[in-house]
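Take a look at the letters that make up each chain.
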Amino acid sequence: MQRYSAFSLVRHALSEHKHWRRAWRSPAPKPRYDAIIVGGGGHGLGTAYYLARHHNLKNIAVLERGWIGGGNTGRNTTIIRSNYLQEESQGLYELARKMWETLSQELNYNVMFSPRGVLNLCHDEHELKGLRRRVFANQARGVRGEFLTPREVKQFCPPMRVDCPRLPVVGASLQRNAGTARHDAVAWGYARAADRLGVDIIENCTVNGFDIRDGAVRGVRTTRGDIAAPKVALVPAGHAGVLANLAGFRLPIESRPLQALVSEPVKPCLDTVVMSGAIHGYVSQSDKGELVIGGGADSYNGYSQRGSPHVLAGSIAAVCHLFPQFRRLRMLRSWGGVVDIAPDASAILSAAPVGGIYVNCGWGTGGFKATPGSAFAFAHLVAKGEPHLKGRAFTLARFATGRLIDEHSAAAVAH
Amino acid sequence: MLMIPCPWCGERAEVEFAYGGEGGLSRPVVPGDLSDGEWADYVYFRKNPKGTHCELWHHLHGCGRYFEVVRDTVDNKVHGSAESGSDIRGVSDVKKV
């Protein structure tokens, strides 16, 4: 693999950038692997990378139904934070947030992590109490967080209206070391780094069955032939239930549409991330200048990668209440993804009821931020068969024992 | 926006309704007889199909009734609806609205 550096940029400039090599190979699937990862988003590619890097598993394939990062990895609103309420979530999300800080160096690929701060607004007394509780819970466990009065909110984010009569900002939490990253770069960076370690990344390869004998997986059936493997790790986001169904088990997951949109690009006008759970809207500005706006998930189950317009209209209305100056912006495009929501709004990193199958799903509306931590902890589980310390609470068993990790209040928007 | 056919009020816009999740579930008659796993299955585990889905809708801003709808989760085509409790999972039997 050619290393990316200022020097390589200059060298290639001399030959008019005609000789850059592909960032990763495009191999045909081998008949057998030591481990197969189903799902070529950030979490799946990251899992492959950490398996190869830390667990000495080199004969790995990542099977992707479409193209790398074309699912939720390329459809989210790129927000990174770790200000969750429960201890288990704080551990995993904070692990991920710390990894974001050095991910570009580790992968030799600029993921453009930008710790520009994340504001979570509250608009009434009850929400304020909940938010203060969350800030205290964060502070007690070493996750950075502070509480801002309306005046301090205005100082931190001058373009925002804090005295809107309909939605007055009565306070906010601020995590200063949270922010955004470039979503595509995360998929591409992990793909390139995993490929360098010998991982086969196979695109346009749909898994349509499993070879299961004596309660253990022996391989997968795909549109590009049967592939044998003693371990199969499922990282399919919205399609978790579909794959589980093929493998003969059930998941406590419901797949729903989640939409987002971007405005036309404008000059820098918003240097932080603003989220409001009560009014179902959040906004940040990308490096290209587009305002990236997201909202709540649609209420119904759906795999269509599109949602209902009134949900999107609600998010836009909310953002325009807080930023009246955005009303005149034209919207460039909107899109939807299929998010896998668990009953407690927390992820599932677990061995499946079928031997040799592991599942990483349930990230719902907020999986992007967790990408490095999720992949790191999941690779540990797949390699050793034992959960990583930071991921051990996120089992399927919690739904029977009742030890849920309730994060509905810490999700960016209610769902 | 989805158009939901209420069996009593006819086809109305989705904003009048609240989604009620998977239809056709019934609470176990004697919950105490269930193992923790079986109880979890009833409370948390859902079919979540990619394709035909039987689901509950609540005509919140209308007649206020719950009813079951058969909808395709990929193309959002609604195949029909019926009073809650009737068996409409076999799509051919669905009362077309």
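Residues numbered from 1 in each chain as written. Chains lettered and ligands numbered in written order. Predicted model: local features only at pLDDT ≥ 70, side-chain atom pairs only at ≥ 80, totals over all residues. Heavy atoms only, no water.

**Q** Is there a simple way to explain the overall build of chain A in this structure?
**A** Of the regular secondary structure elements, chain A holds 10 helices and 19 strands. For 415 residues, the compact-globule formula gives about 22 Å, and the C-alpha radius of gyration of chain A, at 21 Å, lands near that figure. Once the C-alpha set of chain A is aligned to its principal axes, its extents read approximately 65 × 65 × 40 Å. Looking at chain A residue by residue over its 415 residues, the buried ones come to 58%. Long-range contacts, defined as pairs at least 24 residues apart, comprise 76% of the intrachain contacts of chain A with a sequence gap of at least 6. (Helix = DSSP H or I, 4+ residues; strand = E, 2+ residues; numbered from the N terminus. Rg over C-alpha atoms; globule rule 2.2 N^0.38 Å. Buried < 20%, exposed > 50% of the residue type's maximum accessible area, 1.4 Å probe, protein only. Contact = heavy atoms within 4.5 Å.)

**Q** I'm lost on the overall build of chain B in this one. Help?
**A** Counting its regular elements, chain B contains one helix and six strands. Listing each helix as α and each strand as β along chain B from the N terminus yields β-β-β-α-β-β-β. For chain B, buried positions account for 39% of its 97 residues. When contacts within chain B are restricted to residue pairs at least 6 apart in sequence, long-range pairs at least 24 apart make up 44% of them. Accessible surface for chain B amounts to roughly 5,100 Å². Of this, 49% is attributable to carbon and sulfur atoms. (Areas by Shrake-Rupley, 256 points an atom, 1.4 Å probe, with all protein chains shown as cover.)

**Q** Is there a simple way to explain the pairing of strand β16 (residues 291-297) of chain A in this structure?
**A** For a regular strand, side chains alternate in direction, first toward one face of the sheet and then toward the other. Residue and element names in this part refer to chain A. Of all seven residues making up β16, seven are buried, and the element is well covered by its neighbours. Across four bridges, strand β15 (residues 281-285) lies against β16 in antiparallel orientation. Within β16, the position partnered with Q285 by the bridge is L291. A loop of five residues connects β15 with β16, the two strands running antiparallel in sequence, and G289 in this loop sits at a positive phi of about 105 degrees. (Pairing = 2+ DSSP bridges.)

**Q** Can you walk me through the packing of helix α2 (residues 42-54) of chain A against helix α6 (residues 183-196) of chain A in this structure?
**A** To characterise two packed helices, one gives the angle between the axes of the helices and the distance between these axes. Residues and elements named next belong to chain A. Two elements in contact, α2 and α6, have axes whose closest approach is 8 Å; the angle formed by their N-to-C orientations is 25 degrees. In terms of their interaxial angle, α2 and α6 are classed as roughly parallel. Between α2 and α6 lies a crossing of left-handed hand. Taken together, the residues of α6 that come into contact with α2 (itself represented by G42, L45, G46, Y49 and Y50) are A187, Y190, A191, A193, A194 and R196. (Axes fitted to C-alpha atoms, helices over the stretch in contact; angles between N-to-C directions. Parallel < 35°, antiparallel > 145°, perpendicular 65-115°, else oblique. Left-handed = near helix turned anticlockwise from the far one by under 90°.)

**Q** Any chance you could explain the environment of S104(A) here in plain terms?
**A** Residue and element names in this part refer to chain A. On the secondary structure map, S104 appears in helix α3 (residues 87-107). What makes S104 buried here is its relative accessible area of 18%. Measuring from C-alpha to C-alpha, the distance between S104 and N120 comes to 27 Å, with 16 residues separating the pair along the chain. If near-sequence neighbours (up to four positions away) are discounted, S104 is found in contact with Y109, N110, V111 and M112. Separated by 3.0 Å, the side chain of S104 and the backbone nitrogen of V111 make a polar contact. (Polar contact = N/O pair within 3.5 Å; in protein donor to acceptor, adjacent residues only side chain to side chain.)

**Q** What's the story with the sheet that holds strand β9 (residues 207-213) of chain A in this structure? I'm lost.
**A** By definition, the strands of a sheet pair up through backbone hydrogen bonds, in either a parallel or an antiparallel sense. All names here are of chain A. Taken together, the three strands give an open sheet; going across it, the order is β9-β10-β11, and neighbouring strands pair in antiparallel fashion. The open sheet has two free edges, formed respectively by β9 and β11 (225-228), since each of these has just one partner strand. Here the average twist between neighbouring strands, direction ignored, is 25 degrees.

**Q** Looking at this model, I keep getting lost on the interface of chain B and chain A. Mind explaining?
**A** Note on interface size: it is often stated as the accessible area lost on association of the parts. Opposite the 22 residues of chain B that make contact, chain A presents 23 residues. The contact between chain B and chain A buries some 2,000 Å² in all, and 54% of this surface belongs to carbon and sulfur atoms. When residues of chain B are sorted by the area they lose upon contact with chain A, Y44(B), F45(B) and N48(B) head the list and together hold 33% of the total. Viewed at the interface, chain A and chain B are joined by one salt bridge. Between chain B and chain A we count 11 residue pairs in polar contact (both at pLDDT 80 or more) in total. When contributions to the side of chain B that touches chain A are tallied by element, the ones reaching two or more residues are α1 (36-43) and β4 (52-58) of chain B. (Buried area = accessible area lost by both parts, 1.4 Å probe. Salt bridge = Lys/Arg side-chain N within 4 Å of Asp/Glu carboxyl O.)

**Q** For this particular structure, what's the right way to read α3(A)?
**A** Structurally, the α-helix is built with 3.6 residues per turn, so residues lying three or four positions apart point the same way. All names here are of chain A. For α3, with 21 residues, the first-to-last C-alpha span of 29 Å sits near the 30 Å given by 1.5 Å per residue. The largest bend along α3 reaches roughly 50 degrees and is located at E101. Looking at the residues trailing α3, positive phi occurs at N108, about 55 degrees. (Expected span 1.5 Å × (residues − 1). Bend = angle between axes of the 7 residues up to and from the residue.)

**Q** Teacher, can you tell me more about the packing of aromatic side chains here?
**A** For any pair of aromatic rings, the description rests on two quantities: the centre-to-centre distance and the angle between the ring planes. Summed over all chains, the structure comprises 18 aromatic pairs over all chains. Residues Y93(A) and W363(A) carry aromatic rings whose centres are separated by 5.9 Å and whose planes lie at 85 degrees to one another, so their mutual orientation is edge-to-face. Here Y93(A) is found in helix α3, whereas its partner W363(A) is found in the loop between β19 (357-361) and α9 (371-384), with 270 residues between them in sequence. Here Y93(A) and W363(A) have matching classes, each one buried. Here Y300(A) and W57(B) contribute two aromatic rings whose centre-to-centre distance is 6.2 Å and whose plane-to-plane angle is 45 degrees, an arrangement assigned as tilted. In this pair, Y300(A) is assigned in the loop between β16 and α8 (309-322) and W57(B) in strand β4, connecting two distinct chains. Summarising the burial analysis for this pair, Y300(A) and W57(B) share the class buried. (Phe/Tyr/Trp six-rings, centres within 6.5 Å; stacked < 30°, edge-to-face > 60°.)

**Q** What is the right way to read the sheet that holds strand β8 (residues 200-202) of chain A from this model?
**A** Residue and element names in this part refer to chain A. Strand order across the open sheet formed by six strands is β8-β2-β1-β12-β19-β18, with mixed pairing between neighbours. The open sheet has two free edges, formed respectively by β8 and β18 (348-351), since each of these has just one partner strand. With direction set aside, neighbouring strand axes in the sheet form an average angle of 15 degrees. Relative to β19, strand β12 (residues 232-234) is paired through three bridges, and the arrangement is parallel. Looking at the pairing, L234 lines up with V359 of β19.

**Q** Honestly, the domain arrangement of chain A in this entry has me stumped. Any pointers?
**A** Residues and elements named next belong to chain A. Here chain A is partitioned into domain 1 (29-113 + 179-253 + 342-415) and domain 2 (114-178 + 255-341). Tallying the contact residues gives 39 residues for domain 1 and 45 residues for domain 2. The tally of links between domain 1 and domain 2 comes to one salt bridge. Those elements giving two or more residues to the side of domain 1 that touches domain 2 turn out to be β3 (79-80), α3 and β7 (179-180). (Domains from an automatic or database assignment.)

**Q** Mind showing me how you'd approach the side chain of D298(A) here?
**A** With respect to the helices and strands, D298(A) occurs in the loop between β16 and α8. Although buried, D298(A) forms no salt bridge, and the nearest oppositely charged side chain, R256(A), lies 7.8 Å from it. (Lys, Arg positive; Asp, Glu negative; His and termini not counted.)

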